[in-house]
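Commentary on secondary and tertiary structure
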There are 2 protein chains.
Amino acid sequence: MSLVVQKYGGTSVGDASRIRNVASRVAVRHQAGDDVVVIVSAMGSTTDDLLQLSADVSPNEHPREMDMLLTAGERISMALMAMAIQDLDVEAMSLTGSQAGILTDTTHGGAKIQDIRPFRVREALDAGRVVIVAGFQGVSPDTKEITTLGRGGSDATAAAMAAALGADACEIYTDVDGVFTADPRIIDSARRIEEISFEEMLELAAAGARVLMPRAVEFGMRFGVPIYVASSYRDAPGTWVKEKTMEQAIVRGIAHDTSATKITVHGVPDRPGVAAALFEPLASEGVSVDMIVQNVSERGITDISFTVPREHAEVARTTAETVASEIGAAGVDVAPNIARLSIVGSGMRAEPGVAATMFRELADAGVNIDMISTSSIRVSCVIDESDVERAVECLHRAFGLDGGTPDE
Amino acid sequence: MSLVVQKYGGTSVGDASRIRNVASRVAVRHQAGDDVVVIVSAMGSTTDDLLQLSADVSPNEHPREMDMLLTAGERISMALMAMAIQDLDVEAMSLTGSQAGILTDTTHGGAKIQDIRPFRVREALDAGRVVIVAGFQGVSPDTKEITTLGRGGSDATAAAMAAALGADACEIYTDVDGVFTADPRIIDSARRIEEISFEEMLELAAAGARVLMPRAVEFGMRFGVPIYVASSYRDAPGTWVKEKTMEQAIVRGIAHDTSATKITVHGVPDRPGVAAALFEPLASEGVSVDMIVQNVSERGITDISFTVPREHAEVARTTAETVASEIGAAGVDVAPNIARLSIVGSGMRAEPGVAATMFRELADAGVNIDMISTSSIRVSCVIDESDVERAVECLHRAFGLDGGTPDE
């Protein structure tokens, strides 16, 4: 008998029949003898409907009340899920984030989980019940206010709850079969990864693989809770994300991300402090900067390029322009149609030359590399958006991810 | 400066523009210097939508989860209301029933308010805020479960909150202009009542006047909080419900109710204990019995008639049939197309013959009386449903409620 935390996203609970479908999966698991905690998101369209309502009522931002509003979404899905499970003769009860003891800081709309005190969850499990917990929401013990966790919040709820309960696994059910060697929507030969390490998953997620949120992986890594990602629609095997994998892959997977914008500050006087002068104001504007590359200086003048999420592009441009004129730089360029392309694998540490192979393959495929950044288990390049498909395809084959032999 | 609790029902907050309309009424009141607590129901169609969702998911009853589900409704309307009020430069915050300290018993779907500990409400008022509180919901301190108050719950929340805060008034805003001398939808000459006593209002409400729920009136009466009923759409004057009125009316108003069913047990052996034998099982089946009339016994045999709400009719019939065969009665008759017609006025106590006048007027109008029941300030008759309009009209004129002189 084990204790599992399962998470089902908005699409998986999108209507009455999908809710009943998830309920029967949960019931089967419970009847097999496992203790089950189910984390649910709001039903597919609910959040959009609530956002539309609030836009109809008010053009302004109301962070506290927005959290109050949006948390109605999981309240609805969790109550319906509990009903559907009870109908299968399995005792079940739903708990809000607050009732489940999910304690957060005070940041409305993007709160961080600080602690979980799952007394009521344990009590209900001990009584033989399936417990359904609202994802994405918590309560701040400082202000007694209801908070939401922002992007990836329900995955974070699941992993954190699994950690707090000492669960045997955290299972994230979604609309794909698991984590793939590349995006299966563009690469036919992309294969499901059976096992991947936490750190590889973190790098892939940060590099654009949308299947699992970095926040959830961090909880799993920190507290040693294995995460299983699989389809909520069928019983096909998924992907295990865990501390150690049997085999260290040189390249475990390829991720790409076309949602970034590249900003370049030209003709920057190369003196101490210019990078700080640029990136401090960006940070205080809340712009999240991903890759940064500073060119080798020529005659005391250099260029600094960086990528930001598309939604931060306008603020980033304005800020960069202000800084550019203050530090006497020549100007600012914005390139919206770029892509970040990354290869990730913990085996890279032991295998020199992986980056070089990537660069050669891209060159042979006629793909121009615009920026490069690396970590110990990842190499990322910025390329033109129109080259993405070709680039992923050639690397997928080159590193043997399609099942063939890697290029020598 | 006074403290008022205002309640707005589902129609009054039915869409974005109505929410903004209520918000501006509240803001004006607050800017005039009053402390305002606003109780809101769920938006017009929300509760029906949620009930439909739950019916799609499950054919069974799930009282706890149904309360969890339905309380999402007020959560949505209260958050939107707070946003709309904030947009008018008035500080506002919404509180759930639980946050507002509304403590109930443990009965899901029909909980009773046991206590209100409005610490957070007071704190927010002291900070100069308008407080929006979810109607219809509370929390049971025994089980820590979210409960709903059932029918009339939001009015009860308002009156109980007004009592707990020692408010100067509880204002119930609705889709009519106040309490009328008769139903203005069928009687053109029906007039708004300016003042009515708690006990008269209780009798009228129990007799079928839908404008205000008896539960709210009871709170007002018990704690001496005047209740004001008025339109949420226009600034027309409404009706004050209070302890004492300036003038005791002989007949304050006429109410009718066509939602009852009459059940008659025929040929009942007239011996001690037969009434108990009938009404005890009805009570334990949860049937709420209104009027009861037992005929004068002839040769040791009598008939017992009683009225029940239409939704209890089927259970009442089955129960009565079982009892009838046990006690050796002749049989059970069900009359669905009846109406209860009541006149209410505290002046009746000092004025004998009011009931007689009512009976004569009805007789002159050719309306047959089927059952009669009286209290010290009310006379009710059961008549045929098809006679209702004519009967109300003749009594309304006869007792001078249309502004004319009462018949001598």
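About the cut-offs
Residues numbered from 1 in each chain as written. Chains lettered and ligands numbered in written order. Predicted model: local features only at pLDDT ≥ 70, side-chain atom pairs only at ≥ 80, totals over all residues. Least-squares fit on C-alpha atoms with pLDDT ≥ 70 in both. Contact = placed C-beta atoms within 7 Å. Core = buried A, V, L, I, M, F, W, Y, C linked by C-beta atoms within 7 Å. Buried ≥ 20, exposed ≤ 12 C-beta atoms within 10 Å, placed from the backbone. Helix = DSSP H or I, 4+ residues; strand = E, 2+ residues; numbered from the N terminus. Nonpolar A, V, L, I, M, F, W, Y, C, P; charged D, E, K, R; others polar. Pairing = 2+ DSSP bridges. Axes fitted to C-alpha atoms, helices over the stretch in contact; angles between N-to-C directions. Parallel < 35°, antiparallel > 145°, perpendicular 65-115°, else oblique. Left-handed = near helix turned anticlockwise from the far one by under 90°.

1. Overview of the relation of the copies chain B and chain A
After a rotation of 180° and a shift along the axis of 0.1 Å, chain B superposes on chain A with an RMSD of 0.1 Å. A rotation of that kind, with that shift, is consistent with a two-fold axis. The position closest to the rotation axis in chain B is occupied by the C-alpha of A72 of chain B, lying 2.5 Å away. Most of the interface of chain B is mirrored in chain A: 100% of its interface residues are interface residues there too.

2. Digging into the nonpolar core
In this structure, M81 and M161 of chain A together with M81 and M161 of chain B are the most contacted members of the largest nonpolar core, which totals 260 residues. Not counting the four nearest positions on each side in its chain, M81 of chain A is found in contact with V13, I19, V22, A23, V38, V40, S94 and I132 of chain A.

3. Concerning the interface of chain B and chain A
The partner chain A presents 27 residues to the 27 residues of chain B that form the contact. When contributions to the side of chain B that touches chain A are tallied by element, the ones reaching two or more residues are α1 (16–31), α2 (46–57), α3 (63–86) and β3 (92–95) of chain B. If you tally residues by element for the side of chain B that touches chain A, the top one is α3 of chain B, at 13 residues. Taken together, the residues of the side of chain B that touches chain A sort by class into 15 nonpolar, six polar and six charged.

4. So, the sheet that holds strand β17 (residues 331–335) of chain B
Residues and elements named next belong to chain B. Strand order in the open sheet formed by four strands is β15-β16-β14-β17, and the pairing between neighbours is antiparallel. In this open sheet, the two edge strands, each paired with only one partner strand, are β15 (292–294) and β17. Put simply, the sheet's adjacent strands are angled 15° from each other on average, direction ignored. Across the sheet, helix α8 (residues 274–284) lies against β14 (260–269), β15 and β16 (301–309), angled at about 145° from β14, the strand it touches most. Across the sheet, helix α9 (residues 313–327) lies against β14, β16 and β17, angled at about 0° from β14, the strand it touches most.

5. A word on the sheet that holds strand β20 (residues 378–384) of chain A
Residues and elements named next belong to chain A. Spatial strand order, β13-β18-β20-β19: four strands in an open sheet with antiparallel pairing. Pairing within the sheet leaves two strands with one partner each, and these edge strands are β13 (253–257) and β19 (371–375). On average, each strand axis in the sheet is tilted by 20° relative to the strand beside it, whichever way the strands run. Direction of pairing for strand β18 (residues 338–344) relative to β20: antiparallel, over a ladder of seven bridges. Looking at the pairing, S342 lines up with S380 of β20. Its contacts with the sheet place helix α10 (residues 354–364) against β18, β19 and β20, and it is angled at close to 20° to β20.

6. Overview of the packing of α2 of chain B against α3 of chain B
To characterise two packed helices, one gives the angle between the axes of the helices and the distance between these axes. Residues and elements named next belong to chain B. Running from N to C, α2 and α3 cross one another at 150°; their axes reach a closest spacing of 9 Å. On the basis of the axis angle, α2 is roughly antiparallel to α3. The crossing of α2 and α3 is right-handed. Contact residues: α2 offers T46, T47, L50 and S54, while α3 offers M66, L69, L70, A72, G73 and I76. Broken down by class, the residue content of the contact of α2 with α3 amounts to six nonpolar, four polar and no charged.

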